[in-house]
Amino acid sequence: MRKTEIPESVKIIGRNIKIIIKGKNLKVRHVAHDSDLDIEALRRYMLGKQIMGVDKLVRISKALNVEISELFQNL
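Reference entry: report on the structure contained in this document. (Residues numbered from 1 in each chain as written. Predicted model: local features only at pLDDT ≥ 70, side-chain atom pairs only at ≥ 80, totals over all residues. Heavy atoms only, no water.)

The topology assignment puts Ile 19 in helix α1 (residues 8-23). The class of Ile 19 is exposed, set by a relative accessible area of 58%. For the pair Ile 19 and Met 46, spaced 27 residues apart in the sequence, the C-alpha separation amounts to 9.3 Å. (Helix = DSSP H or I, 4+ residues; strand = E, 2+ residues; numbered from the N terminus. Buried < 20%, exposed > 50% of the residue type's maximum accessible area, 1.4 Å probe, protein only.)

So, in structure tokens, the structure goes:
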């Protein structure tokens, strides 16, 4: 069991990343590579299982070629 529960906002951001990747027909491994992340780390972020730092959010948004604000939709 976790010491602290993952906030809902982290899960929403993860879902948004997943939706953008699918919508642009991208491969998760390519997005991970372009954002200089381990593929498993990116998958944990997408599943809302791990909290992302601002630096990672910026790198992911650049790899997806979207404004960072798009990752925060529906918060």
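After presenting the structure, the write-up continues.
Within the secondary structure, Arg 59 sits in helix α4 (residues 54-64). The spacing of Arg 59 and Val 31 is 28 residues in sequence and 9.5 Å in space, taken between C-alpha atoms. Look past the residues within four positions of Arg 59 in its chain and what remains in contact with it is Ser 35, Asp 36 and Leu 37. Within the structure, the side chain of Arg 59 is placed 2.9 Å from the backbone oxygen of Ser 35, a separation counted as a polar contact. (Contact = heavy atoms within 4.5 Å. Polar contact = N/O pair within 3.5 Å; in protein donor to acceptor, adjacent residues only side chain to side chain.)

Let's shift gears to the nonpolar core. Side chains of a nonpolar character, in soluble globular proteins, are inclined to be buried together. Judged by nonpolar contacts, the single largest core of 19 residues is most densely connected at Ile 17, Ile 21, Leu 42, Met 52, Ile 60, Leu 64 and Leu 71. Where this core is concerned, the elements lending two or more residues are α1, α2 (28-34), α3 (39-46) and α4. Aside from chain neighbours lying at most four places away, what touches Ile 21 is Leu 26, Val 28, Val 31, Met 46 and Leu 64. (Core = buried A, V, L, I, M, F, W, Y, C linked by side-chain atoms within 4.5 Å.)

On to the pattern of salt bridges. Scanning all chains against the criterion turns up five salt bridges. Between Glu 8 and Arg 15 there is a salt bridge, with its nearest N and O atoms 3.0 Å apart. Classification of Glu 8 as partly exposed rests on a relative accessible area of 45%. One salt bridge in this structure joins Asp 55 and Lys 56, with 3.9 Å as the shortest N-O distance. (Salt bridge = Lys/Arg side-chain N within 4 Å of Asp/Glu carboxyl O.)

Another point: the packing of α1 against α3. Between two packed helices, what matters for the description is the angle formed by their axes and the separation of those axes. Where α1 contacts α3, the two axes come as close as 7 Å, and the packing angle between them is 115 degrees. Within the contact between the two elements, α1 uses Val 10, Gly 14, Arg 15, Ile 17, Lys 18 and Ile 21 and α3 uses Leu 42, Tyr 45 and Met 46. Split by residue class, the contact of α1 with α3 holds six nonpolar, one polar and two charged. (Axes fitted to C-alpha atoms, helices over the stretch in contact; angles between N-to-C directions. Nonpolar A, V, L, I, M, F, W, Y, C, P; charged D, E, K, R; others polar.)

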